[in-house]
Amino acid sequence: MADSNRNFLNAVTRGAAHYTPGEQVNEPGWIKLNTNESPLPPSPNVFRVMAELVGQGDILRKYSHPLGEPLLGALADYWKLSKEHLIVTNGSDEALTLICRATLGPERPAVFPAVTYSLYGTLVTNAGASYTEVPMVERIGQPYGIDIDALAKFDGHAIFLANPNAITGEYTDAAKLAEVIAASNSLWVVDEAYNDFAGPKATMMQYIEKLQNLIVTRTFSKTHALAGLRVGYLASGNRGLIQGLLAHKDSYNEDALATRLAAAALADTAWHERTIRAVLTGREFLRSELTALGFTCFDSEANYILAREPKNLVAPKIVQRLRDYKILVRHYAGSQFADCIRFSVGAEGENAKLIGSLKEILRGA
Ligand SMILES: Cc1ncc(COP(=O)(O)O)c(C=O)c1O
């Protein structure tokens, strides 16, 4: 019998970095402003298609389409791109995983800003590669600004950039980014999980056919309100790159229901725009109310605001007290953001409840 103390894990796994996702509560009654989900429900079109699928056993009996049809075709039409430039993935996290597996290694390390989506470090390490974190620069409204020129100096590497950036919400201008990428020998991975909140011209999807060293990752988790369904995709105009990425994909990586429901969400552009508008209105409400309460809000083009604690109460205490009101927000204990709180923009009533609760908490401080 094998010795249970024997280590069966390989060297990469033994050094694996673990990512801690935001808390998910199962009880009803909580206001979740901690994981940047959509405050509005998915499009009614999604529920209509869901109802049509009830009883269609064949969809479940058979394997799903290996490339994620009918969503793949719908995405190609939506972006006016060839299907060969797109890969449907199980959330955009899977797109990032495929990219790390297919493009990184000891000979090709990754580079990203020191402040960003912390999953990058995990995925890079778990792909057996190392990474460099480029220091942030302080600028008005954004103490953790991205230094795009410093990133671009890493010639020949794989550079990861969330646009807007996690966890600050800082947006890097797409036209400026396109210039930098055009002059670079690196592979640039632009993670557009929050890009819809930065306006219609903010996306790098417009440069997919021009820039062969660009991959864009996107998700249905935020503006399409489908985080629980796990649907994302990546785009690249580089066919060799796409072929390499496909080699790492599970045969049927996206399920048959998810591809149909996400296609239904994509088709409802009016609902999508309405969701974005509601979030932008909520973001401005939160910004002005949090500022009035003494928080320092950093500039954000995403569906969240990172804010420094007011003078009269420290962030961990505020976060703890908000739990008494059944409100969850994100705190990064032990990090350089220990004095900050990240608030996801909620629905109108949730934002009002948050501000009302904060007023009571701070009044008593
Ligand atoms: C910057 C960033 N990229 C990607 C993701 C992953 O999104 P998905 O739900 O598509 O896996 C997140 C999730 O919050 C994120 O913050």
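Calculation criteria
- All residue numbers refer to position in the chain's written sequence, counted from 1.
- A pLDDT threshold of at least 70 governs which residues receive local features in this predicted model, and a stricter bar of 80 or more applies before side-chain atom pairs are shown or counted, although totals over entire chains, interfaces and linings include all residues.
- No hydrogens and no water enter the side-chain calculation; it runs on all heavy atoms of the structure.
- We count a stretch as a helix when DSSP gives it H or I for four or more residues in a row; a strand needs E for two or more, and each element gets its number in order from the N terminus.
- Throughout, a residue-residue contact means that at least one pair of heavy atoms, one from each residue, lies within 4.5 Å.
- A cutoff of 4 Å decides nearness: a residue is near a molecule or strand if any of its heavy atoms lies inside that distance of it.
- Here a polar contact is taken to be a pair of N or O atoms separated by no more than 3.5 Å, where protein atoms must pair a possible hydrogen donor with a possible acceptor and residues adjacent in sequence count only if both atoms sit in side chains.
- In these tables, accessible area is a Shrake-Rupley quantity obtained with a 1.4 Å probe, and a residue counts as shielded only by the protein chains included in the view.
- Two kinds of site are reported from a 1 Å grid over the protein atoms alone, namely cavities, where a 1.4 Å probe fits but cannot get out, and pockets, open sets with protein on both sides within 12 Å along at least five of seven lines, and residues are called lining when an atom falls within 4 Å of a point.
- Assignment of a molecule to a cavity or pocket requires that more than half of its atoms lie within 2 Å of the corresponding grid points.
- Ten residue types, Ala, Val, Leu, Ile, Met, Phe, Trp, Tyr, Cys and Pro, are classed as nonpolar, four, Asp, Glu, Lys and Arg, as charged, and the remainder, Gly among them, as polar.
- Two strands qualify as a pair provided that DSSP identifies no fewer than 2 bridges between them.
- Comment: axis = line fitted to C-alpha atoms, over the contacting stretch for helices; angle = value between 0 and 180 degrees taken between N-to-C directions.
- In what follows, roughly perpendicular refers to angles from 65 to 115 degrees, roughly parallel to angles under 35, roughly antiparallel to angles over 145, and oblique to any angle outside these ranges.
- UniProt positions are given in the numbering used here, feature names are shortened, and annotations may be inferred rather than shown by experiment.
- Grid points are joined across faces, edges and corners, and a volume is the space filled by probe spheres set on the points.
- Where each domain starts and ends follows an automatic or database-derived domain assignment.
- Partly exposed describes any residue whose relative accessible area lies between the buried limit of under 20% and the exposed limit of over 50%, with all areas from a 1.4 Å probe on protein chains only and scaled to the type maximum.

Asker: With reference to specific residues and values, describe the side chain of His224.
Answerer: Locating His224 in the fold gives a position in the loop between strand E9 (214–219) and strand E10 (232–235). Other than its neighbours up to four places away in sequence, His224 contacts Pro42, Thr219, Ala265, Leu266 and His272.

Asker: How would you summarise the site of the ligand if you had to cite specific residues and measurements?
Answerer: Within the structure, the ligand sits among Gly91, Ser92, Asp93, Tyr117, Ala166, Asp191, Ala193, Tyr194, Thr219, Ser221, Lys222 and Arg230. In this structure, a nitrogen atom belonging to the ligand sits 2.6 Å away from a side-chain N or O atom of Asp191. The separation between an oxygen atom of the ligand and a polar side-chain atom of Lys222 is 2.9 Å. Burial of the ligand by the surrounding chains reaches 91%, relative to a free accessible area of 390 Å². Its atoms largely coinciding with the cavity grid, the ligand occupies the largest pocket. With 3 residues, helix H5 (residues 91–103) is the single largest residue contributor to the shell around the ligand. Here the residues of the shell around the ligand sort into 4 nonpolar, 4 polar and 4 charged.

Asker: Go over the sheet that holds strand E2 (residues 86–89), please, and point to the residues and values.
Answerer: If you walk across this open sheet you meet the 7 strands as E2-E10-E9-E8-E7-E3-E4, and the pairing is mixed. Bordering the open sheet on either side are E2 and strand E4 (131–134), each of which pairs with just one other strand. Direction aside, the axes of adjacent strands within the sheet are offset by 20° on average. As paired elements, E2 and E10 share 4 bridges and run antiparallel to each other. Its bridge partner lying in E10, Val88 is registered against Tyr233. This element, helix H4 (residues 71–79), spans E2, E9 and E10 of the sheet and lies at about 130° to E2. Contacts from helix H9 (residues 239–247) reach E2, strand E8 (187–191), E9 and E10 within the one sheet, and its direction differs from that of E2 by about 25°.

Asker: Describe the packing of helix H11 (residues 269–292) against helix H13 (residues 348–363), and please don't skip the residues or the numbers.
Answerer: Between H11 and H13, whose axes approach to 10 Å, the crossing angle comes to 10°. As judged from the angle between their axes, H11 and H13 are roughly parallel. Note on element contacts: H13 touches H11 through Asn351, Ala352, Leu354, Ile355, Leu358 and Lys359, opposite Gly282, Phe285, Leu286, Glu289 and Leu290.

Asker: With reference to specific residues and values, describe the sheet that holds strand E11 (residues 296–297).
Answerer: Backbone hydrogen bonds hold the strands of a sheet together, and the pairing may be parallel or antiparallel. Strand order in the open sheet made by the 3 strands is E11-E12-E14, with antiparallel pairing throughout. Looking at the sheet topology across the chains shown, the edges are occupied by E11 and strand E14 (340–344). Pairing of strand E12 (residues 304–308) with E14, which is carried by 5 bridges, proceeds in the antiparallel orientation. Across the sheet, Ala307 pairs through a bridge with Ile341, a residue of E14.

Asker: Can you lay out the UniProt feature "domain: Aminotransferase class I/classII large" (unreviewed entry) in the protein chain for me, pointing to particular residues and giving the numbers?
Answerer: Those residues carrying the UniProt feature "domain: Aminotransferase class I/classII large" (unreviewed entry) are residues 29–353 in this numbering. In residues 29–353, the share of helix is 37% and the share of strand is 18%. The end C-alpha atoms are 12 Å apart.

Asker: Can you explain empty space enclosed by the protein? Please cite residues and give values.
Answerer: Scanning the entire structure with this criterion turns up 1 cavity of 30 Å³ or more. For the largest cavity, the calculated volume is near 40 Å³. In terms of lining residues, the largest cavity is bounded by Pro42, Ser43, Thr223, His224, Ala265, Asp268, Trp271 and His272. Looking at the lining of the largest cavity residue by residue, the class counts come to 3 nonpolar, 4 polar and 1 charged. Summarising the domain contributions, the lining of the largest cavity has at least three residues from each of domain 1 (23–42 + 270–363) and domain 2 (44–267).

Asker: I'd like to hear about the environment of Thr89, residue by residue, with values.
Answerer: Relative to the helices and strands, Thr89 is located in strand E2. With relative accessibility at 0%, the residue Thr89 sits in the buried group. Separated by 40 residues in sequence, Thr89 and Ala129 place their C-alpha atoms 22 Å apart. With sequence-adjacent residues up to four places away left out, Thr89 is seen in contact with Glu94, Ala95, Leu98, Arg230, Val231, Gly232, Tyr233, Asn253 and Glu254. Within polar-contact distance, the side chain of Thr89 engages the backbone oxygen of Gly91 at 2.9 Å.

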